[in-house]
Amino acid sequence: MACRHHHRPSLLGVPLDPALRELALSTKGFMPADEGDALHDAALRAGDTLPDAPWVEVGSYCGRSTIWLGDAARHVGTTLYAVDHHHGSEENQAGWEHHDTEVVDVRTGRMDTLPFFRRAIGDAGLEEHVVGIIGRSPVVARHWATPLALVFIDGGHGVEPARADYAGWTPHVAVGGTLAIHDVFPDPAAGGRPPYEEIYLPALESGRFELTSVTGSLRILRRVG
Ligand code: SAH
Ligand code: MG
């Protein structure tokens, strides 16, 4: 019998393909496996709720978290815009804890993670679902107008960049949509404070977002108003 209503099969609980998970874990970056899996799950849920809206990732680095999100975008049939200037955060620069000399462009002496990002997304077969946007997050946000089903913030972790990411991107999360924030450390001894103080707390205090899950330093919030 012909079915007049198209019920999409549920995507909830579909894990990242093991080969892609291996690729993500072998890609340079800072996303732990369990948090990547939680991000994938949250993204599928976001797609289940708002299947027609695209997603934004702020802070892709070499594309590690982007593989989890991009695979979820492929399942949902949406597009992930992956925003990064690819010159690294303050905490990625020479002399800081998270510096990697392999990502320095020898010509300029500046970090350039774009070639690594391109390679990761190409190797993952995700070019149809992931669009890299090369630029500073506040500049990209300035003219952004499309409501988003998911925003994942993992950009600069200083006070200024975190504030700008909150101001620039959280208004674009559609009601019912998801705000995911990485490196949220309520305990100052565990890590830097700005993602907690400048993004996570303001989102909850605004009354527009509710906490839905916690995995390591990953917080998943839903826009409620
Ligand atoms: N999500 C990545 C890690 C991101 S590291 C992973 O899973 O491994 C943070 C990234 O944010 C860096 O690549 C840095 O270049 C980028 N970044 C920091 N501040 C930014 C800004 N203001 N605009 C755009 N990108 C920024
Ligand atoms: Mg991070």
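Residues numbered from 1 in each chain as written. Chains lettered and ligands numbered in written order. Predicted model: local features only at pLDDT ≥ 70, side-chain atom pairs only at ≥ 80, totals over all residues. Heavy atoms only, no water.

### Concerning the layout of surface pockets
Any space left empty among the atoms is revealed by the rolling of a water-sized probe across them.
So, step 1. By volume, the largest pocket is sized at about 860 Å³.
So, step 2. Taken together, 43 residues make up the lining of the largest pocket; nearest its centre are Ser-89, Glu-91, Gly-155, Gly-156 and His-157.
So, step 3. For the lining of the largest pocket, the elements supplying multiple residues, two or more each, are α3 (64–76), β2 (80–84), α5 (137–142) and α6 (159–169).
So, step 4. The element contributing the most residues to the lining of the largest pocket is α6, with five residues. (1 Å grid on protein atoms, 1.4 Å probe; cavity = no way out; pocket = protein on both sides within 12 Å on 5 of 7 lines; lining within 4 Å. Points joined across faces, edges and corners; volume = space filled by probe spheres on them. Helix = DSSP H or I, 4+ residues; strand = E, 2+ residues; numbered from the N terminus.)

### A look at the sheet that holds strand β5 (residues 173–181)
Backbone hydrogen bonds are what pair the strands of a sheet, in a parallel or an antiparallel way.
So, step 1. In space, the seven strands of this open sheet follow the order β3-β2-β1-β4-β5-β7-β6, with mixed pairing throughout. A single partner strand is all that each edge strand has here, and the edge strands are β3 (130–134) and β6 (209–215). Averaged over all pairs of adjacent strands, the angle between strand axes in this sheet comes to 20°, irrespective of strand direction.
So, step 2. In this sheet, strand β7 (residues 218–223) lies alongside β6 in antiparallel orientation, the contact comprising six bridges. (Pairing = 2+ DSSP bridges. Axes fitted to C-alpha atoms, helices over the stretch in contact; angles between N-to-C directions.)

### Here's the deal with the site of ligand 1
So, step 1. Not every one of the 21 residues close to ligand 1 is listed here, only the nearest: Phe-30, Ser-65, Asp-84, Ser-137 and Asp-154.
So, step 2. Contacts to ligand 1 include Ser-65, whose side-chain N or O atom sits 2.8 Å from a nitrogen atom.
So, step 3. Within the backbone of Gly-156, one N or O atom sits 3.2 Å away from a nitrogen atom of ligand 1.
So, step 4. When the free accessible area of ligand 1 is taken as 580 Å², the share hidden by the protein chains comes to 95%.
So, step 5. Spatially, ligand 1 is embedded in the largest pocket.
So, step 6. Grouping the constituent residues of the shell around ligand 1 by class yields three nonpolar, 14 polar and four charged. (Near = heavy atom within 4 Å. Polar contact = N/O pair within 3.5 Å; in protein donor to acceptor, adjacent residues only side chain to side chain. Areas by Shrake-Rupley, 256 points an atom, 1.4 Å probe, with all protein chains shown as cover. Sits in = over half its atoms within 2 Å of the grid points. Nonpolar A, V, L, I, M, F, W, Y, C, P; charged D, E, K, R; others polar.)

### Considerations on the coordination of the magnesium ion (ligand 2)
So, step 1. The magnesium ion (ligand 2) binds to the protein through Asp-154 (OD), Asp-154 (OD), His-182 (ND1) and Asp-183 (OD); the donor distances cover 2.1 to 2.8 Å.
So, step 2. Donor residues binding the magnesium ion (ligand 2) come from one chain and are separated in sequence as D-x27-H-D. Of this pair, Asp-154 sits in the loop between β4 (148–153) and α6 while His-182 is found in the loop between β5 and α7 (194–205), placing the two residues 28 residues apart along the sequence.
So, step 3. With relative accessibility at 16%, the residue Asp-154 sits in the buried group.
So, step 4. For His-182, a relative accessible area of 1% puts it in the buried group. (Donors = N, O, S within 2.8 Å, 3.2 Å for Na, K, Ca; no water. Buried < 20%, exposed > 50% of the residue type's maximum accessible area, 1.4 Å probe, protein only.)

### With respect to the nonpolar core
So, step 1. The biggest cluster of nonpolar side chains holds 34 residues, and the ones touching the most others in it are Trp-55, Ile-67 and Phe-152.
So, step 2. Contributions of two or more residues to this core are made by α1 (18–26), α2 (33–49), α3, β2, α4 (114–123), β4 and β7.
So, step 3. Excluding residues within four positions of it along the chain, Ile-67 makes contact with Leu-16, Leu-20, Leu-23, Ala-24, Thr-27, Ala-120, Ala-124 and Leu-126. (Core = buried A, V, L, I, M, F, W, Y, C linked by side-chain atoms within 4.5 Å. Contact = heavy atoms within 4.5 Å.)

### A few points about α7
So, step 1. Its 12 residues place the ends of α7 15 Å apart at the C-alpha level, agreeing with the 16 Å of an ideal helix rising 1.5 Å per residue.
So, step 2. All buried positions along α7 are accounted for by Pro-194, Pro-195, Tyr-196, Glu-198, Ile-199, Tyr-200 and Ala-203.
So, step 3. Each element contacted by the buried residues of α7 is listed here: β4, α6, β5, β6 and β7.
So, step 4. Taken from the residues just after α7, Gly-207 is the one with a positive phi, measuring 80°. (Expected span 1.5 Å × (residues − 1).)

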